[in-house]
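Structural description and commentary
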Amino acid sequence: MAKNYYETLGVEKTASDDEIKSAFRRQAKKYHPDVNQNNADAANKFKEVNEAYECLSDSTKRANYDQYGSADGPNPNDFFRGARGQGQGQGGFSGFGGFEDIFNIFGSAFGGGQARNTAIHGSDIVVKLTLNFAEAAFGVSRTVTLMRTELCKDCSGTGAKGGKEYTTCTQCGGSGQVRYQQDTIFGRVVNTGVCKSCSGTGKIIKEKCAVCGGKGYKRVQASVAVNIPAGIDNDQVLTVRGEGESGIRGGPNGDLQVEISVKPHLLLKREGFDIKLDLPVPFTTAMLGGKIKIPSLDGKLELTIPENTQTGTILRLRGKGIKHLNKSSTYGDMYVNVIVELPKHLDKKGKEAFSKLQEELGAGSFEKNKKYLDTLNSL
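Residues numbered from 1 in each chain as written. Predicted model: local features only at pLDDT ≥ 70, side-chain atom pairs only at ≥ 80, totals over all residues. Heavy atoms only, no water.

Things to note about the overall build of the chain
Tallying secondary structure elements over the chain gives 10 helices and 15 strands in all. Relative to its 379 residues, the chain shows a buried fraction of 34%. If you take every contact in the chain between residues at least 6 apart in sequence, the share linking residues at least 24 apart comes to 62%. Of the accessible surface of the chain, which amounts to about 23,500 Å², a share of 49% is contributed by carbon and sulfur atoms. (Helix = DSSP H or I, 4+ residues; strand = E, 2+ residues; numbered from the N terminus. Buried < 20%, exposed > 50% of the residue type's maximum accessible area, 1.4 Å probe, protein only. Contact = heavy atoms within 4.5 Å. Areas by Shrake-Rupley, 256 points an atom, 1.4 Å probe, with all protein chains shown as cover.)

This is how it looks when you write it as structure tokens:
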């Protein structure tokens, strides 16, 4: 049964190129070997995802796949089986317009026998980076260390010593693919396939590169500078272009996907680009007014509490929030939620003082309580 590449990437058949690319990155990140070490199922799934993307990201391959179920076009054997079936049912092969039409079909389906040496896009690499609250708010530069496959600089990716100890494959002329003939009941069909002499590289290595062992690529530890923009939030992903796995046969490198995790602040909470603070205030300060120190992104500030501030009052500090991502001069605000706190315990002297205060204030000083009592008495 043919593989369903759309199902592998989790997209519809009508998906755009951007949707296919985004789906590939999600799936590659999910099943990447660096994230799923010693997980054979994930490794196989990762290969399937790359295979699906290699097909659907190429317009020609995708068109072939949509029409024939294969990135290379129709299978000659399948075609001939269909031809035999139609011939038996219609008393001959007149429906195909003769042998010339059949070979014309194959010529267009296989690119006229022209060799192709397909470049392969490198895979993305996913790393996790933890920031503290201030680093996420102000931005920071970090260096991440990772393992990735890179083009061998000693041989310039040729796999040959010094990048020179090789010759062009005489079988394919350096294209990596050869034309071959296949005899069928209809005659001889010319097709194109990978050159076995050079395994599709187009080169015959005389002496292998000692650094990469003739592979042309090597696994290295790399350090990548990552500039974290101010305002980035938890679970956001920062993409560093071209810093992923090396492309194959001249294909572009993959990207580095940096998953951001932000440690919570001990007192401040972030909501979008605003900052919120629950501030316990002694009832005496709430009644008489005063100043209380609070934390902020600008350090400790003195906040003025107006007289007779009620619990649940929200005090707004404009522009004291977090910088909007990728905007130079736009900041959120800081909202302080006042929580008026009463004492849990009173000694005898304190109780006497409150009793005296209550007498002096009278019931009319408490508007909400008075309204409640008036409503209760009216029932």
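Notes on a nonpolar patch on the surface
Together, M287, L288, L346, F354, L357, L361 and F366 line one region of the surface with nonpolar side chains, adding up to about 590 Å² of accessible area. Listed by contribution, the elements that provide at least two residues to the nonpolar patch are α8 (283-288) and α9 (348-361). For the nonpolar patch, the element with the most residues is α9, which contributes 3 residues. Secondary-structure assignment places L357 in helix α9. (Patch = residues over 30% accessible without salt bridge, like charges linked within 9 Å, V, L, I, M, F, W, Y side chains within 5 Å. Salt bridge = Lys/Arg side-chain N within 4 Å of Asp/Glu carboxyl O.)

Remarks on the pairing of strand β8 (residues 237-240)
The two faces of β8 differ: L238 and V240 on one face are buried, but V237 and T239 on the other face are not. Alignment of β8 against strand β9 (residues 256-262), held across 4 bridges, turns out to be antiparallel. Looking at the pairing, T239 lines up with Q257 of β9. (Pairing = 2+ DSSP bridges.)

Brief notes about helix α2 (residues 17-31)
For α2, built from 15 residues, the straight-helix expectation of 21 Å at 1.5 Å per residue is met to within 8% by its first-to-last C-alpha distance of 21 Å. Looking only at α2, the buried set comprises I20, A23, F24, R25, Q27, A28 and Y31. (Expected span 1.5 Å × (residues − 1).)

Observations concerning the pairing of strand β13 (residues 301-305)
Pairing of strand β12 (residues 290-294) with β13, which is carried by 5 bridges, proceeds in the antiparallel orientation. When the sheet's bridge partners are listed, K291 is paired in β13 with T304. Following β12, the chain reverses through 6 residues before pairing antiparallel with β13; G299 in that reversal takes a positive phi of roughly 95°.

Quick look at the nonpolar core
In this structure, L279, I294, L303, M334 and V336 are the most contacted members of the largest nonpolar core, which totals 19 residues. Listed by contribution, the elements that provide at least two residues to this core are α7 (133-138), β11 (274-282), β12, β13, β14 (314-317) and β15 (334-341). Counting residues per element, this core draws most heavily on β11, at 4 residues. Apart from residues lying up to four places away in sequence, I294 is in contact with L277, L279, G299, K300, L301, L303, L317, M334 and V336. (Core = buried A, V, L, I, M, F, W, Y, C linked by side-chain atoms within 4.5 Å.)

Examining the side chain of D124
Assignment of secondary structure puts D124 in the loop between α6 (99-109) and β1 (125-131). Take D124: its relative accessible area is 3%, and that puts it in the buried class. A polar contact of 2.7 Å, which involves the side chain of D124, links it to the backbone nitrogen of D255. Within the structure, D124 has its side chain in polar contact with the side chain of Q257 (distance 3.2 Å). (Polar contact = N/O pair within 3.5 Å; in protein donor to acceptor, adjacent residues only side chain to side chain.)

Quick look at the side chain of S296
With respect to the helices and strands, the residue S296 is situated in the loop between β12 and β13. Under the relative-accessibility criterion, S296 is labelled buried at 12%. Polar side-chain contacts of S296 include one of 2.6 Å to the backbone oxygen of G299. Excluding its chain neighbours within four sequence positions, the residues that come into contact with S296 are L268, L301 and M334.

Considering the sheet that holds β8
Spatial ordering of the open sheet is given by β1-β9-β8, a layout of 3 strands whose pairing is mixed. At either margin of the open sheet sits one strand with a lone partner, and together these are β1 and β8. Averaged over neighbouring strand pairs, the angle between their axes works out to 25° when direction is ignored. (Axes fitted to C-alpha atoms, helices over the stretch in contact; angles between N-to-C directions.)

Some points on the pattern of salt bridges
When their charged atoms lie close together, side chains carrying opposite charge are able to pair. Under the defined criterion, the tally for this structure stands at 18 salt bridges. E54 is paired through a salt bridge with K61; the nearest N and O atoms lie 3.4 Å apart. Judged by relative accessible area, which is 10%, K61 ranks as buried. A salt bridge links E150 to R148; the shortest N-O distance between them is 2.7 Å. Given a relative accessible area of 11%, R148 falls into the buried group. Several salt bridges converge on common partners, so that one network encompasses R25, D124, R241 and D255.

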